[in-house]
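Below are the chains, spelled out letter by letter.
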Amino acid sequence: IGEPFGLSDIAFADRNNGLAVGTGAKMLRTTNGGVTWTFEGTGLAQKRVESTFSSIAYPSRTRAFAVTTFGGIYRYMGEPTTTSV
């Protein structure tokens, strides 16, 4: 995971798509219910305390909102996964 102190919050849009956030602008994404997680680049400085995410809301598969400890609000726009029917 990188930086110490790990994660501070996790949210799922549905049973497969989830985001987890934490210190050092850390954001992880899963598209398989948490079996595997990948690092999502946020564009924030990872070594700055004001880049620490304290919480995340993930209301849909393509949009989430993360809040930093200093009140910054960031919108995440992810690509929906494709599935065969």
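Conventions adopted
Residues numbered from 1 in each chain as written. Predicted model: local features only at pLDDT ≥ 70, side-chain atom pairs only at ≥ 80, totals over all residues. Heavy atoms only, no water. Helix = DSSP H or I, 4+ residues; strand = E, 2+ residues; numbered from the N terminus. Buried < 20%, exposed > 50% of the residue type's maximum accessible area, 1.4 Å probe, protein only. Lys, Arg positive; Asp, Glu negative; His and termini not counted. Salt bridge = Lys/Arg side-chain N within 4 Å of Asp/Glu carboxyl O. Polar contact = N/O pair within 3.5 Å; in protein donor to acceptor, adjacent residues only side chain to side chain. Contact = heavy atoms within 4.5 Å.

Quick look at the side chain of Arg29 now. Within the element layout of this structure, Arg29 appears in strand E3 (residues 26–30). No salt bridge is formed by the buried Arg29; the nearest opposite charge belongs to Glu40, separated by 4.4 Å. Of note is the side chain of Arg29, whose polar atom sits 3.3 Å from the side chain of Tyr76.

Next up on the list: the environment of Ala20. Topologically, Ala20 is positioned in strand E2 (residues 18–22). As for Ala20 and Ala66, which are separated by 46 residues in sequence, their C-alpha atoms are 9.6 Å apart. Aside from chain neighbours lying at most four places away, what touches Ala20 is Leu7, Asp9, Ile10, Lys26, Met27, Leu28 and Trp37.

This next bit is on unusual backbone geometry. Glycine aside, negative phi is the norm for most residues, and most peptide bonds take the trans geometry. A positive phi is found at Ala25, a non-glycine position, where the angle reads about 60 degrees. Inspection of the secondary structure assignment puts Ala25 in the loop between E2 and E3. Note on Ala25: relative accessible area 0%, which makes it buried.

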